[in-house]
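# Observations on chain architecture
Next come the chains, spelled out residue by residue.
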Amino acid sequence: GYRVSLQGNFFGRNHTYMTFPEYNPRKHIKLDPPLNIQSNATASKCQIWWSVSNVPWYLAEILQYELQYKEYSMSWEVALNRTLPSSLPQVEIEATELRSGIAYAARVRCKVSENENSYHSQWSEWSQTTVFQRADIPKVSEKILNTKTMQFLFIPLSFGTLLYLFWNCKLSSRYCCFLTLGQKASPALTFPHQPLSFSPSIVCTMGILR
């Protein structure tokens, strides 16, 4: 460790003031904010990535990041915060967390992970922002979805319609009209009344099925 002291000249006399009897730089780290933050939004998710500078490799592997994002027109005071579980300089936001047609702004900051005992740091300043907007679902996909939906509905609807027609015909009126071509009615059917003849070649008989 180190011993940090403050010296000053007050009223013509030199004075030494002890500020930190034992100062350990590993326990007082503040990193530079992440750089080059970028984003790419699609209809299903938004990918955000960035880089860090002036960070030794042994610290880069134990960094912790915090993401903050909001609607572009809103204040940062109402932004959503997410502490990332990985030390990788990237994150994904699901499209379900974003409103369609709304622009968003995001930024990140970093520090040494709180799970490390050898180092301790405070959060860096926030990075520059990146602006993104969720892409709309392509119209082609919507048409395909509607087509598949109609295919699934066509079979049960058709079956239901046929079943309804069959059942309706079965329970229909018991009165029928038979039209027979020829000089006489069919010998297989007998009725209590004499057939009505309208022409030499067409005989129309009416009766009640029993």
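Attention in this report is confined to the structure presented alongside it. (Residues numbered from 1 in each chain as written. Predicted model: local features only at pLDDT ≥ 70, side-chain atom pairs only at ≥ 80, totals over all residues. Heavy atoms only, no water.)

### Points about the side chain of T130
Test applied: A run of DSSP states H or I qualifies as a helix once it reaches four residues; a run of E qualifies as a strand once it reaches two. Both are numbered from the N-terminal end. Working definition: with a 1.4 Å probe on protein chains only, accessible area under 20% of the residue-type maximum means buried, over 50% means exposed, and in between means partly exposed. Pairing of N or O atoms within 3.5 Å defines a polar contact, subject to two protein rules: one partner must be a possible hydrogen donor and the other a possible acceptor, and residues neighboring in sequence count only if both atoms are side-chain atoms. Contacts are assigned to residue pairs with any non-hydrogen atoms lying within 4.5 Å of each other.
The residue T130 is located in strand β11 (residues 130–133) in this model. Relative accessible area serves as the criterion here: at 7%, T130 is assigned to the buried category. In this structure the side chain of T130 is engaged in a polar contact, spanning 2.8 Å, whose partner is the side chain of S39. What T130 contacts, discounting residues up to four positions off in sequence, is I37, Q38, S39, I48, Y104, A105 and A106.

### What to know about unusual backbone geometry
For N36, which is not glycine, the phi torsion reads 55° and is therefore positive. Judged by its relative accessible area of 57%, N36 falls in the exposed class. We note that N54 has phi near 55°; this positive angle belongs to a residue other than glycine. Position of N54 relative to the elements: it lies in the loop between β5 (45–51) and α1 (57–60). Here N54 falls in the exposed class, since its relative accessible area comes to 68%.

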